[in-house]
Amino acid sequence: MKLFLTFCLSFLTLAAFAQGPSAPKDITVTGKVLEEGVNTPLEYATVSFKDKNGTVVTGGITDINGVYNIDVAPGIYTIKYEFISFKSKEITGQNITANITLPDVYLALDSDSLGEVIVRAETTEVQIRLDKKIYNIGQDLTTSGATVSDALSNVPSVTVDVDGAIALRGNENVRILINGKPSAIAGFGSTDALRQLPADAIERVEVITSPSARYDAEGTAGILNIILRKEKTLGFNGSIQANVGYPEAYGVSANINVRTDKFNVFNTTGINYRKSPGTAFFDNEYLNETATNPFLTESRDYDRTNKSFNTNLGMEYFLTDSSSLTGSVFLRLGDNNDTTSNFTDERSTPNTLEISRLRQELESEDDLSVQGALNYVNDLDDNGQKLTVDFQYEIDKEDKNSTITENNTFPINERLPSELVVSEEDGTEFLFQSDYVKPIGENGQFEAGFRVNLEETTTDYELLEEDGLSNNFILDNGLSNVFTYNEDVYAAYVQYGNKVGEKFSYLFGLRAENTRLAGEVEANEDATIGFDPNFDNSYFGLFPTANLAYELADRESITLGYNRRINRPRGFYVNPFPSRSSESNVFQGNPEISPAYANAFDLGYLKSWKKITLTTSIYYQRETDAFERIQEDTGELTPNGIPIIRTIPINLSSNDRYGFEAGILYNAISWLRLNGSFNYFTFKSEGSYEGVDYGTENNSWFARGSAKISLPAKIDWQTSAFYRGPSYTAQTESEGIFSMNMAFSKDLFNENATVGLNVSDLFNSRKRNSTTVTDTFIQESEFQWRERSVNLSFTYRFNQKKKRGRPEGNGGGGDEGEFEG
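Residues numbered from 1 in each chain as written. Predicted model: local features only at pLDDT ≥ 70, side-chain atom pairs only at ≥ 80, totals over all residues. Heavy atoms only, no water.

## Thoughts on the overall build of the chain
- The helix and strand inventory of the chain stands at three helices and 51 strands.
- Within the span of the chain, comprising 821 residues, buried residues form 55% of the whole.
- In the chain, the proportion of contacts linking residues at least 24 apart, taken out of those at least 6 apart, comes to 67%. (Helix = DSSP H or I, 4+ residues; strand = E, 2+ residues; numbered from the N terminus. Buried < 20%, exposed > 50% of the residue type's maximum accessible area, 1.4 Å probe, protein only. Contact = heavy atoms within 4.5 Å.)

Have a look at this one:
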């Protein structure tokens, strides 16, 4: 909290400095900015005044009615009007000598660009480009007080499983970027960090299902690019949000911005406390004859407490009118304490109880992520030629300490030996990239660039087991180890796009990547793991991309995309030493696993009417050496006679996936907005491991819908629902999942403040029920990560209007210089 107050005071000081002594501005210029054709006011449009040298001397933004009131010194000015995704307009030679109301200014959509079509709705805003869809989630009431992970679950095409696994079109092999780059903000080897970041830190989410060559080839499903907020309005402005919820949750976050004509300072800071109670149930039947008690049930209660602090502080300095240098520092601190209580019953027959046991795991986890970034942008000329250079370095640290105690509660009460698990994970990542954009002719654009990305992660894992009941702990040399994993990627790309006539656009590219994956283990020589623990492999690949668009009519178009992708195994997938989730369940990495490659095709269609917009896609992907996690009986028993089940990732020979998705936005009447999406997919996997055939066929689907109603007294009501159909893998069948969220909001203080109330998982139904069948065991399970939650939030905006329109600018990255078609 002290750090947060320090930032606030620093920005106030900067604001005072930026608005220091200046000549009196006793002339007020008033006017209005409207959307051409429909005469709708454009709130948050930018109005700037330039002197005879082209220097911006002052400016401002329009209010909810599209009106601006700007004080300016007497003089002759060029007035520029801008709004994202609209054609800007300039009025030259305006001699301002007295208070004046200028004529209304009408801005038109930039419809000359086939590569981008924009669809508006209060709950969701979509920008459709040649290779991606961009969703602005800022008006989604159900994300108020929520986390980034919660917000992603509301994005069409995206699903977030009950345990936090993020999938795109049902495929979990998705690459998550922050501001167009790999980042510690997205998590340290997992997506857990996204559960600690507030959703209001997001400006927009880019769903990139057919990435062009300028993007990483990583992620066979595609890319989710999360763009964080960075305001671009002149002066001192921002917002503060506080929230409280049940189960116990508290949070305060702030977005603050100071901008002058020479620099722009921006900061997002959040402090959060959150409890996440959850439950799980497992019913196991062991089919082999070695099990002492073949019927085992486990009931787990999770009591999680997460405390987090995050801040992103940056400054953009305008070196010249055409170049700028931006530096930023991101810091994330996490303090998590989890208690897992596992109640186990062992039976010799389904109705004969032999043993009851309570196993408790007390885990504390401290997380630290620090990331420093520099970005240089130079607009080399007025025609769009641009050079960007990025440097990024980050340090990640994750320390876990677990104490595991166990007691028999039936037929007698007795304490069993305890365990201690100590895990330290340290990582570093270095990124350097440069991109060059060169317009050619009227509509053509050439791009080229390179990227170097070097990652190293060291995991120090120790398991200590109590010697009897002596309180003396002995290191288990068979499982304790130090594993160092390196992933180095060197990449370069070229691409060219152009527009043929008035209706056809294309974008072709080629990316080359060389990947080095290396692992080194320090462990006791007596450890038996079944793999060679040390490896050093290199892979070179070419990744072509092609994206086409054709305009059938006004606001109706089709797109066709092709790209080749790679899915690299992460560190825990190749760490050969087993890690235990319970006494009888272990996960073991496979250092022999190879990267998977995929060829993907996507055919899209867009049609927009006055009140309805329809988007559809048909997609197909063939993946070779696809990853699959399988479970197998190790043949070993716990000290209590329970068979030990191992989960291990393997390469299957192939995976064919195809599907259909559709989305609709319907602005029915002024007080009712509806949107929905549907995705159906099916896949067929072929492959075997150690003589066992793991081929399977699966089809599933998911759908979501949202309705937003504007009530009297400036109250909004939004309800959203999600259903994921049943799914199947080679060994596991999962039932469908339904959940519903509901939210209300009311504007206060002339729309400078908003109070919101939302309920997540209204019917407490977001649970995963699965059945796993193998030759040696059958398991039925139910898992709920977090029970129904209620959140109350209050947001106050200063010198900043409530956002109703399109996202403001690029928000800090990802698509500068991008080909629009």
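## Some words on the packing of aromatic side chains
- Scanning the entire structure with this criterion turns up 19 aromatic pairs.
- An angle of 50° between the planes, with centres 5.8 Å apart, marks the rings of Tyr-573 and Phe-627 as tilted. One end of the pair, Tyr-573, is in helix α3 (residues 571-574); the other, Phe-627, is in strand β37 (residues 627-637), with 54 residues separating them in the sequence. With respect to burial, Tyr-573 and Phe-627 carry one shared label: buried.
- Between Phe-702 and Phe-722, the ring centres sit 6.1 Å apart and the planes meet at 40°, which makes this aromatic pair tilted. On the criterion of sequence distance, the pair formed by Phe-702 in strand β43 (residues 696-711) and Phe-722 in strand β44 (residues 715-724) is long-range, its members being 20 residues apart. No difference in accessibility class separates Phe-702 from Phe-722, as the two residues are buried. (Phe/Tyr/Trp six-rings, centres within 6.5 Å; stacked < 30°, edge-to-face > 60°.)

## Concerning the pattern of salt bridges
- Per the counting criterion, the structure on display carries 26 salt bridges.
- Here Glu-447 ties to Arg-214 by a salt bridge, and the two come within 2.9 Å at their closest N and O atoms. Of the two residues, Glu-447 sits in strand β27 (residues 444-466) while Arg-214 sits in the loop between β16 (202-208) and β17 (222-228), which places them 233 residues apart along the sequence. Each member of the pair Glu-447 and Arg-214 is classed as buried.
- Asp-426 serves as the salt-bridge partner of Lys-397, at 2.9 Å between the closest nitrogen and oxygen. Linking Lys-397 in strand β25 (residues 386-410) with Asp-426 in strand β26 (residues 414-440), this pair joins segments that are 29 residues apart in sequence.
- Given the relative accessible area of 31%, Lys-397 is considered partly exposed. (Salt bridge = Lys/Arg side-chain N within 4 Å of Asp/Glu carboxyl O.)

## Describing the nonpolar core
- Counting residues in hydrophobic clusters, the biggest one holds 19 residues, and the most contacted among them are Val-33, Val-47, Phe-49, Tyr-68, Tyr-81 and Leu-107.
- The set of elements that each furnish at least two residues to this core consists of β1 (27-35), β3 (46-50), β5 (67-72), β6 (75-82) and β9 (105-107).
- Aside from chain neighbours lying at most four places away, what touches Val-47 is Val-33, Thr-58, Gly-59, Gly-60, Thr-62, Tyr-68, Ile-70, Ile-79, Lys-80 and Tyr-81. (Core = buried A, V, L, I, M, F, W, Y, C linked by side-chain atoms within 4.5 Å.)

## As for the side chain of Thr-754
- Positionally, Thr-754 belongs in strand β48 (residues 753-760).
- Among the polar contacts listed, one links the side chain of Thr-754 to the side chain of Asp-747, at a separation of 2.9 Å.
- Residues in contact with Thr-754, not counting those within four places in the same chain, are Ser-745, Lys-746, Asp-747, Ser-793, Phe-794, Thr-795 and Arg-797. (Polar contact = N/O pair within 3.5 Å; in protein donor to acceptor, adjacent residues only side chain to side chain.)

## Details of the environment of Phe-343
- In this fold, Phe-343 is placed in strand β23 (residues 323-349).
- Counting along the chain gives 65 residues from Phe-343 to Asn-408, while the straight-line C-alpha distance between them is 9.9 Å.
- Leave out the neighbours within four places in its chain, and Phe-343 touches Thr-297, Glu-298, Ser-299, Asp-301, Arg-357 and Leu-358.

## Section: the pairing of strand β39 (residues 654-669)
- Where strand β36 (residues 612-624) lies against β39, 13 bridges are found, and the strand directions are antiparallel. Counterpart to Tyr-620 in the pairing with β39 is Tyr-658.
- Two elements, β39 and strand β40 (residues 672-686), share 14 bridges in a ladder whose sense is antiparallel. Residue pairing for β40: Gly-659 is matched across the bridge by Phe-681.
- Between β39 and β40, which pair antiparallel in sequence order, lie two residues. (Pairing = 2+ DSSP bridges.)

## Considerations on the sheet that holds β6
- Read across the open sheet, the four strands follow the order β4-β3-β6-β7; overall the sheet is antiparallel. Pairing within the sheet leaves two strands with one partner each, and these edge strands are β4 (56-61) and β7 (89-96). With strand direction ignored, the average angle separating the axes of adjacent strands in the sheet is 25°. (Axes fitted to C-alpha atoms, helices over the stretch in contact; angles between N-to-C directions.)

## Some details on the environment of Ile-645
- One can find Ile-645 in strand β38 (residues 643-651).
- Among the residues examined, Ile-645 registers a relative accessible area of 3% and is labelled buried.
- A C-alpha to C-alpha distance of 6.4 Å links Ile-645 and Val-586, two positions 59 residues apart in sequence.
- When sequence neighbours within four positions are dropped, the list of residues in contact with Ile-645 reads Tyr-286, Ser-584, Asn-585, Val-586, Gln-631, Glu-632, Asp-633, Thr-634 and Phe-777.

## Re the confidence of the model for the chain
- Averaged over every residue, the pLDDT of the chain is 82; the share at 70 or more is 83%.
- Taken element by element, the chain is modelled with least confidence in strand β10 (residues 117-119), mean pLDDT 37, and with most confidence in β25, mean pLDDT 94.
- Ignoring residues within four places in sequence, the model shows residues 1-24, a span with pLDDT below 50, making 26 contacts including any to other chains.
- Every residue in residues 804-816 is under pLDDT 50, and counting partners more than four places away or in other chains gives 61 contacts. (pLDDT = per-residue confidence, 0-100.)

## Thoughts on a negative patch on the surface
- Together, Asp-283, Glu-285, Glu-733, Glu-735 and Glu-780 give the surface a local cluster of negative charge.
- Within the fold, Glu-733 resides in strand β46 (residues 732-734). (Patch = residues over 30% accessible without salt bridge, like charges linked within 9 Å, V, L, I, M, F, W, Y side chains within 5 Å. Areas by Shrake-Rupley, 256 points an atom, 1.4 Å probe, with all protein chains shown as cover. Lys, Arg positive; Asp, Glu negative; His and termini not counted. Charge placed at Lys NZ, Arg CZ, Asp CG, Glu CD.)

## Things to note about unusual backbone geometry
- Between Tyr-246 and the following residue, Pro-247, the backbone shows a cis peptide bond with an omega angle of -5°.
- Secondary-structure assignment places Pro-247 in the loop between β18 (235-246) and β19 (249-259).
- In the segment running from Phe-410 into Pro-411, the intervening peptide bond is cis, with an omega of 5°.
- Checked against the element boundaries, Pro-411 lands in the loop between β25 and β26.
- Positioned with a positive phi, Arg-555 is a non-glycine residue whose angle comes to about 65°.
- Within the secondary structure, Arg-555 sits in the loop between β31 (535-553) and β32 (556-567).
- One non-glycine residue, Asp-761, adopts positive backbone phi at about 60°.
- Here Asp-761 is to be found in the loop between β48 and β49 (768-773).

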